[in-house]
Structures are given as C-alpha cells and as structure tokens.
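Chain by chain, the residues run as shown.
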Amino acid sequence: MSNLSDLLPAGAGGKQVDFVASGTIGNGVTVGLKTNGQVEALSSTVYPVSLGGETEINGETFDKGAYGVYDVGSGKILFFLETNTGYIRGVVGTISGTTISFGTMIYLTSSPYNTGVRAVYAPSAGKVVVAVARPANYGGSICYLLTVSGTSFTVQDTQTSGLGQTSYFISMAYANNKLAAVYYGTNGQLVACQLTATSTSITSGADINITNGTSADYNYAAIGHDQDNKVVVLYKDTSNYPVAVAITTSGNGYTVGTVKQLQNATTVRNYFNASYDSVNKKIIGVISDSSELTYAVAIDSSSGTITNGAFYQISAVASTAKNYLSAAVGFHVPSAKTLVFQYYSTGNQAGIFPLNVSGLTITGDSPTLGIGLGDVPSGLTGAVNSSTSSMGILWRDGANSDLPTGQVFTPAWTLTNYTSFVGISDAAISSGVSGSVTVKGGIASNVTSLTPNSNYYVQTNGTLSTTTSTVFAGRALSSTSINLDYTT
C-alpha cells in the first residue's frame, strides 16, 4: 500500500462511533449531535425579512406612551398603553406566523393620573411584573404580578411598599434572581429598589441611591442580565450626557459601581432605551441627541466596571418634528441582531433597524421602512417573541382614530444546526437506523474536493470550506481525507 487511500479506506480513522440517524444522512457529510443522542445532517434554512399585515384593536385608543414585553411562560406578548388621563390598559398579543391577534383590553389601574408604565419578565416567578409610576397623592407607585391565561391576564399580587413616590416611569430589570425597580426620586436622585418575585407574590427590599447625592435627569433605562449578575443603569447626567453604572446584588440591596460618562458621548435629547444581546453579551443602549439623531452604543459590564464602544448613528430624524419618542429595542436570538423600532422621517413613518455587534462595534443592516403611523406619533413599542423568532410591534395609528395597531416583523436570519458538529458519516444512514460516524479526533477519508494541508471549517449550511467560521473541522490530508479537529 503506497498511498493514503490504501492506508485509510473510507471510515478508517480510529474514532468511529455508531449513532441513530434522525432523518436520512448521506455518505461523507457533516453531522450534528442532537439533545436526544441521535445525529442529523447539518444544513441551513434562510428566512427573508418579513413584515406582516396590520391588525387594529377596534374600539380602543391611546394618546401617550406604550410598552411591550414578552412573557416567556405563556409565549405571549403583553402590551401596555397610557391614555391622556393616565389610565394604564393592557392587552395580550398572540403571534402566529406573520400575523398578531389581540385579546380584550384590560384596565390595569383603577384610578387615573399614572405617569408611566414599564415591565419585565421575571424568571423566578415565571411571570411578567409591571411597574406603574404615580405620585403620592394618587396612591404612590405600584408593581403588579400578572398571570396570563389564553388571551387575557389577571393580577396575581401587587406591591407598593419600598417604592418611593415618583412622577416619572419606573424602569425594571432582572438579574441574579432579583428584580431592580429603578426610578427618579423626589430628591432628584436615581434610586434602585430590590424586589423578589415568586409565582404568587412580590416583596420589596432596600432602596439605594444610584447617583450618590448628585442630581440626574428623569429619563433612563435599566437593563439586567444574569451572566454577571449585574444591572446596568443608563441615564442622563446634569450636563445632558449619557452615563452608565453597574449595580450588583448585595443582600437585600445593591452595591453601586463607578459612574462612567460614555465614550464619544453626545448630548441627550430625551428618552433612553436598551436591550441585552445574549449572544455577544453586551447591553445595546439607544438614545437620541439634541439634533434628533438616534444612536446606539454597545456596553460591557462583565468586569464590574463600564466599558463601551463608539456611538453608531442609526438614522436621521426630522429636526422639524420634536416628538421626544423612545425607540423600542429588542434582541432577536436566531439572527443575533438587536432590533430598533423607531420614528424616522418627516413622512410620519417608522422603521425597524437591525443592528449587529462585534466586540464593542455596532453596524447596521438595511432597515425595513415605511411603517405608516398616519400622523406624528405619540407612542410605539415592540417586544421580541423568542418562541416564534418574531418581533411584535404596536403603534398608534393617527390616521385611523388613534387605534392601537399591531404587526409582526422578522429580520433576515438563517436557521442552522452547524454548531452541533460532531463528525462525518462513514456511509449513508437511513432515518431511524444506526450507522457509523467518524468523530472529532479521527480521520474521515470519504469526503471530496479538499486541498491537502489546508484548514477546513464547517459552514452554516453544513459544508466544509477554508472560509473561517466559528466551527473548526480539521486539516485536509488529501483531496478526500481530513483529520478532524486537528490542532493548528
């Protein structure tokens, strides 16, 4: 035997393992390991950008802000609307394909003059917690624990103690099995109150001043993430610059880190919003400046201190329309993109802008524009449904009696199982039948069109290529043989 093919016939590499095939697998193709212990051929499906039709909630109007949150427990999106008299109403949205349907609007508050609403999903409770801000003479701020059933929800518990009085909204974040309610107190400081949510109740812990005696503007956002047990608070300082600080759970309260003015900071016009990119592990903050341009910035708090990248301009907003609108921000896991839904032009329209993150650098894809708001809008919001991989958006249709109108948006993304790569099939395997696979550490010699001594990577569609990807396959020994998981 004088050549490699004689020494290593098909499937000869010393690392063969028998697996049951899930679906038909061809000869000499890459396979991935499933959670049930079976293997499947690696492949991908490309989904294009999609914006579904409009669905209006007849008989209902809203005149101020709106807020959306995805309820992981029920698989539904909850939207909350503020009326011009300060009532808060909520509605359950169900996404099916490219359409969204709504249940009946429910009054969350029984009294008017509430001044803002925010919400977050609490994994410790398996439910959504809603915070409604209101001044002391109207009963003080309150949190609601909601239980969703079908197309409706009920209030499981409420909490008022421990929440200071505020005339502005309360931001909510979840980290380290605790909720952080962050609000602008009457003393001009930002305050964080720790809450504990179970499936049946909410209890409050201690308050702590985030701004440590210095004044702050009332516009801010609080975003939490469990990876490093931090809550990142974004707010506007007294010089109108965006700043950030990380707070860490400490007993029944929080320990406040060092406040940092963000690099390349631009003056802030009004609202903040933010979302957590769970793939790249970054907070993506979105702000608008005094020229009404909208920016995004990537923030990292993993070390306990704040680092951030440069500000990325998302789009120009007409300087003639000072709407002071907050963008809706959500993270789409399958595409690893942050979706920003915002007002963007003099044509009274909104658009959805997908953002990508590499390190602390943000780039943008082509936006989906032309979502017609009818007139200058006073409210828009959205939330990403992780089970359907779609973003449900809600906006006020000024051209149709201010009716709340919903749509379903899905960015371009690729469904792939290539990161589950475990080896290469030694021969064709029928579905449900056991067959041999050369796994990592072995040598597969029944592939084709390789360049000897070249490194190969698994692509999203399951093919092998010298193009670098996140999944290294191995080094080619010949045109038909590859040393799997060869260490370079």
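Coordinates for the structure precede this section.
These figures come from a predicted structure and were not determined experimentally.

A.B. asks: Would you mind showing me how to read the layout of surface pockets here?
C.D. replies: Computed from the structure, the second largest pocket encloses a volume of approximately 330 Å³. As for the second largest pocket, its lining consists of Val279, Val333, Pro334, Ser335, Ala336, Trp413, Thr414, Leu415, Thr416, Tyr418, Thr419 and Thr460. Partitioning the lining of the second largest pocket into residue classes produces 7 nonpolar, 5 polar and no charged.

A.B. asks: Sorry, what's going on with the packing of aromatic side chains here?
C.D. replies: Centre-to-centre distance and the angle between the planes together describe a pair of aromatic rings. Enumeration over the complete set of coordinates arrives at 6 aromatic pairs. Aromatic pair Tyr47 and Trp413: ring centres 4.8 Å apart, planes at 15°, arrangement stacked. Taken together, the positions of Tyr47 in strand S4 (residues 44-47) and Trp413 in strand S38 (residues 413-416) put the pair 366 residues apart, joining distant regions of the chain. According to the relative accessible area criterion, Tyr47 is partly exposed, its value standing at 34%.

A.B. asks: Would you mind showing me how to read the environment of Phe169 here?
C.D. replies: Looking at the element boundaries, Phe169 is found in the loop between strand S15 (152-159) and strand S16 (171-175). Spatially, the C-alpha atom of Phe169 lies 5.1 Å from that of Ala133, the residues being 36 residues apart in sequence.

A.B. asks: Help me out: how do you make sense of the nonpolar core in this one?
C.D. replies: Across soluble globular proteins, nonpolar side chains show a tendency to be buried alongside one another. Ranked by internal contacts, the top residues of the largest apolar core, which has 38 residues, are Val129, Met172, Leu179 and Val233. Filtering out sequence-adjacent residues up to four positions away, Val129 remains in contact with Arg118, Ala119, Val120, Ala122, Cys143, Tyr144, Leu145, Met172, Leu179, Ala197 and Ile202. Among the nonpolar cores identified, the runner-up in size contains 19 residues, and Ala221, Leu234, Phe272 and Phe311 belong to it.

Rules of the game
- Residues numbered from 1 in each chain as written.
- Predicted model: local features only at pLDDT ≥ 70, side-chain atom pairs only at ≥ 80, totals over all residues.
- Heavy atoms only, no water.
- 1 Å grid on protein atoms, 1.4 Å probe; cavity = no way out; pocket = protein on both sides within 12 Å on 5 of 7 lines; lining within 4 Å.
- Points joined across faces, edges and corners; volume = space filled by probe spheres on them.
- Nonpolar A, V, L, I, M, F, W, Y, C, P; charged D, E, K, R; others polar.
- Phe/Tyr/Trp six-rings, centres within 6.5 Å; stacked < 30°, edge-to-face > 60°.
- Helix = DSSP H or I, 4+ residues; strand = E, 2+ residues; numbered from the N terminus.
- Buried < 20%, exposed > 50% of the residue type's maximum accessible area, 1.4 Å probe, protein only.
- Core = buried A, V, L, I, M, F, W, Y, C linked by side-chain atoms within 4.5 Å.
- Contact = heavy atoms within 4.5 Å.

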